[in-house]
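# Geometric and topological summary
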Amino acid sequence: MRLPKFDYLSPTSLTEALEIMGGYKNRRLKLLGGGTDLLVDLRDKVILDVHNPHNQEHRCHIKPVQSAFNEPPEYLLSLSRIADLRGIRSEGNKIIIGAMTTITDLERSDIVKKKLSGLHDGAWQLGSPLVRNRGTYGGNLCNARPAADTAIPTMALGGKLVLISKRGERTVEHDDFVLGPGNTIIMPDEILKEIIFDLPDVQYGSAYIKLANRKALEISVVGAAASVIIKDGIVISARITLGAVAPKPLLVPEAGQLLLDRELTDDNIEKAAKTASKKAKPITDHRGGATYRTSMVEVLTKRALMICRARALNAERMEASS
Amino acid sequence: MKRIIHLKVNGLDHEIAVEPRRTLAEALRIDLGLTGTRIGCSIGDCGACTVLIDGVPSFSCLTLAVEAEGHEILTIEGVADGNKLHPVQEAFVEVGAIQCGFCTPGMVLSTLALLDYNPDPTEDEIRRALSGNLCRCTGYQKIIDAVKDAARRMKELS
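None of these values were measured; they are calculated from a predicted model.

Parameters and conventions
Here the residue index of a chain counts from 1 through its sequence in written order. Chains and ligands are labelled sequentially in the order written, the chains with letters from A and the ligands with numbers from 1. Restriction of local features to residues with pLDDT of at least 70 applies here, the model being predicted, together with a cutoff of 80 or more for giving and counting side-chain atom pairs; totals for whole chains, interfaces and linings are based on all residues. C-beta atoms are first placed from the backbone for all residues, and any pair lying within 7 Å is then listed as a contact. In this text, helices come from DSSP runs of H or I with a minimum length of four residues, and strands from runs of E with a minimum of two, each type numbered from the N-terminal end. By the convention adopted, Pro, Cys, Tyr, Trp, Phe, Met, Ile, Leu, Val and Ala count as nonpolar, Lys, Arg, Asp and Glu as charged, and the other residues, Gly among them, as polar. For two strands to be treated as a pair, DSSP must find at least two bridges joining them. Every axis corresponds to a line fitted to the C-alpha atoms, with the helix fit spanning only the stretch in contact, and the corresponding angles, defined between N-to-C directions, vary from 0 to 180 degrees. An automatic or database domain assignment is the source of the domain bounds shown.

### Some thoughts on the interface of chain B and chain A
Taken together, the 21 residues of chain B in the interface contact 24 residues of chain A. Ranked by residue count, the leading element in the side of chain B that touches chain A is strand β4 (residues 56-59) of chain B, at four residues. Grouping the amino acids of the side of chain B that touches chain A by side-chain chemistry returns nine nonpolar, nine polar and three charged.

As structure tokens, then:
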């Protein structure tokens, strides 16, 4: 099945891209990153009618089903030739990741692995090597799926998104970025330029755990991410986020609150995990039942927090020995 | 509207006229006649359309031909040296990792990229590297064995 017709624009600089975006504001234009979601959604899906229980003849009628778009876009604006949008850099106590950085880039980056371990966990578990090689970090965030493997840890780590348009630049928290499945606050003339993380100067650790039926090419049944900052043995910041239990990545401030100003003991971790599970509002679908998902939130949150604790302590040990 | 693009495939430059909606897989198969690249699911699940773009395994069915311009593409046709099979291909044949053959081009190309990045992979690393390439015949064990054998062959050559 061929893709629907569209025109293709491939600017080589961000300025050029923003110029185009400004001019095409009222046209149906989509940004093309790695294409691993967009080109799938553009294609009309075809299902064999033999799967239809009302089809008594069991013959393979081909029945086209409409693509995810009511009206396919007129223009695809490719971001792949804008070199500035790809790359991971450290600036003082900030890590800045370009939106067109591939998931494989994240997975293979030492900076991400060491300083943003939760995000590394997410990149490591996303899709398959073929998806990770083409798929981009920005694309995963802007697609705004409730189970997106990089979005859940990005939110836990307090990632900030830089949105740029001809009108100017604004920085938003990931907390406020997603409105619902596939829907974000990004305006039609805006491009997600980069994602910024502020690193604390004390002990910290983050983790993301994905519960899935397979090891690859899987959408999580439940995902949980946590990020904890510890000063002199006392938690000064804790963020817990959940995937696939609400229409969008879910931040559970109540669970983080419980950990504040105390030591990160097993007891406290247990309490926070219970609270997280109470706040989850999952649905029942073919991947798992709502009750099962709710119970798993508790287990995964507990494990994620324990990994955070181990990583925070380990990082300190590594600093001390170096 | 069609546009003229230049594709570098298996070391050769090609000039073709394609619509922007033409995928790289379609361009390779229809415009260049390189039908070793398979089209399976067209939605990024099966990996049969795997080609190497600048050495990186990529879905050619989810890459627009216009996006591939300026990059080096390697398809299964460019792996052997004339009639002499590449050690990875030899290993696949000798170990019996090929049954119907539909997934084989993708498997071989993913293996090439793996061994280039990691010449001595563990079984877990092999399984992970091939996790985007599906095979409905072999049950995967012979393919894993072939990759191990290929790693050994390539080490002997180097």
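There is more to say, and it comes next.
### So, the sheet that holds strand β12 (residues 191-198) of chain A
Residue and element names in this part refer to chain A. One open sheet accounts for five strands, arranged β6-β7-β12-β8-β9; its pairing is antiparallel. Edge positions in the sheet fall to β6 (88-91) and β9 (168-173), since each has one partner strand and no second. Neighbour-to-neighbour, the strand axes of this sheet turn through a mean angle of 25 degrees, independent of strand direction. Alignment of β6 against strand β7 (residues 94-98), held across four bridges, turns out to be antiparallel. The residue bridging I88 from the neighbouring strand is I97, located in β7.

### Observations regarding the domain arrangement of chain A
All names here are of chain A. Split into domains, chain A comes out as domain 1 (7-78), domain 2 (83-198) and domain 3 (203-321). The gap between the C-alpha centroids of domain 2 and domain 3 is 19 Å. Residue-level contacts link 24 residues of domain 2 with 25 residues of domain 3. Looking at the side of domain 2 that touches domain 3, the elements that each hand over two or more residues are α5 (117-125), α8 (151-156) and β10 (178-180). Considered class by class, the residues forming the side of domain 2 that touches domain 3 number 13 nonpolar, eight polar and three charged.

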